[in-house]
Amino acid sequence: MINLPPRTKERLIILERLLERLIEQQEDKNITSKKLSALTGWSEDTIRRDILHLNMKAGSKSGYSIVELKSAIDTALGIGNSRQKHNCCIVGLDKLGSALLENSIFENSPFTLVAGFDTNVNRIEMMKSSFPLFATLDLEIKIPAMKIEYAVLAVSDDRAQQIADRLVSAGIKGIVNYTNVILHLSKNIRVRNVNTVLMLKEMYAE
């Protein structure tokens, strides 16, 4: 895995997904920085600078090989072995959490959604899902038993820190945080905050 600047890493993750779709469509073998700019909205210079981090050979006049570029990004991001799956769970199955139960968002990725957790047992019994749903009381049992590595946190703000602490104690390596709470966890736990207002502020400030 290459040590990438944060913004470059974010763009390469998006670019990897885009290239995956182009490979599935089997339309072209190569792609130029100009076409990538049109598809992403990023400048051609930005795209070329990001690709320079991948230690790829310079693109030809016809552009970069789509397959080789995706492979280089996978290697740089440490996701080169797509057959190695990482189990994930969702904690908090209210409106937002239940919307995230759609398993198709994990298709063609190294991640598999294998469990959901909620405090409301009645809600769990009424919901339909392609994978098992459990009470949050079972977090410490089910996470290690099911080898779950990552969690999507969508609980109420007043319970966010407590649940996050329990997830870490159970062996979770990283959390996608959909709450408004800034989680205080050990430095070895990866946290990504998905807050709509915060992201809008970041865009406004750019």
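These figures come from a predicted structure and were not determined experimentally.

1. With respect to the packing of helix H1 (residues 6-25) against helix H4 (residues 66-77)
Phase 1: For the pair H1 and H4, the least separation of the axes is 9 Å and the interaxial angle reads 140°. Taken together, the axes of H1 and H4 lie oblique to each other. In this structure, H1 crosses over H4, and the sense of that crossing is left-handed. Here Lys9, Leu12, Ile13, Leu15, Glu16, Leu19, Glu20, Leu22 and Ile23 of H1 lie close against H4, whose contacting residues are Ile66, Val67, Leu69, Lys70, Ile73, Asp74 and Leu77.

2. Quick look at unusual backbone geometry
Phase 1: Even without glycine at this site, Lys147 takes up a positive phi of about 55°.
Phase 2: Looking at the secondary structure, you find Lys147 in the loop between helix H7 (139-145) and strand E6 (148-153).

3. So, the pattern of salt bridges
Phase 1: A full pass over the atoms with the stated rule returns eleven salt bridges.
Phase 2: Asp45 is the salt-bridge partner of Arg48, the closest N and O atoms lying 2.9 Å from each other. With a gap of three residues between them, Arg48 and Asp45 both fall in helix H3 (residues 44-52), about one helical turn apart.
Phase 3: Judged by relative accessible area, which is 45%, Asp45 ranks as partly exposed.
Phase 4: Among the charged side chains, a salt-bridge network with shared partners connects Glu16, Glu20, Lys70 and Asp74.

4. Section: the confidence of the model for the chain
Phase 1: With 93% of its residues at a pLDDT of at least 70, the chain reaches an overall mean of 87.
Phase 2: Mean pLDDT across the elements of the chain ranges from a minimum in helix H9 (residues 196-205), with 73, to a maximum in H7, with 97.

The rules behind these values
Residues numbered from 1 in each chain as written. Predicted model: local features only at pLDDT ≥ 70, side-chain atom pairs only at ≥ 80, totals over all residues. Heavy atoms only, no water. Axes fitted to C-alpha atoms, helices over the stretch in contact; angles between N-to-C directions. Helix = DSSP H or I, 4+ residues; strand = E, 2+ residues; numbered from the N terminus. Parallel < 35°, antiparallel > 145°, perpendicular 65-115°, else oblique. Left-handed = near helix turned anticlockwise from the far one by under 90°. Contact = heavy atoms within 4.5 Å. Salt bridge = Lys/Arg side-chain N within 4 Å of Asp/Glu carboxyl O. Buried < 20%, exposed > 50% of the residue type's maximum accessible area, 1.4 Å probe, protein only. pLDDT = per-residue confidence, 0-100.

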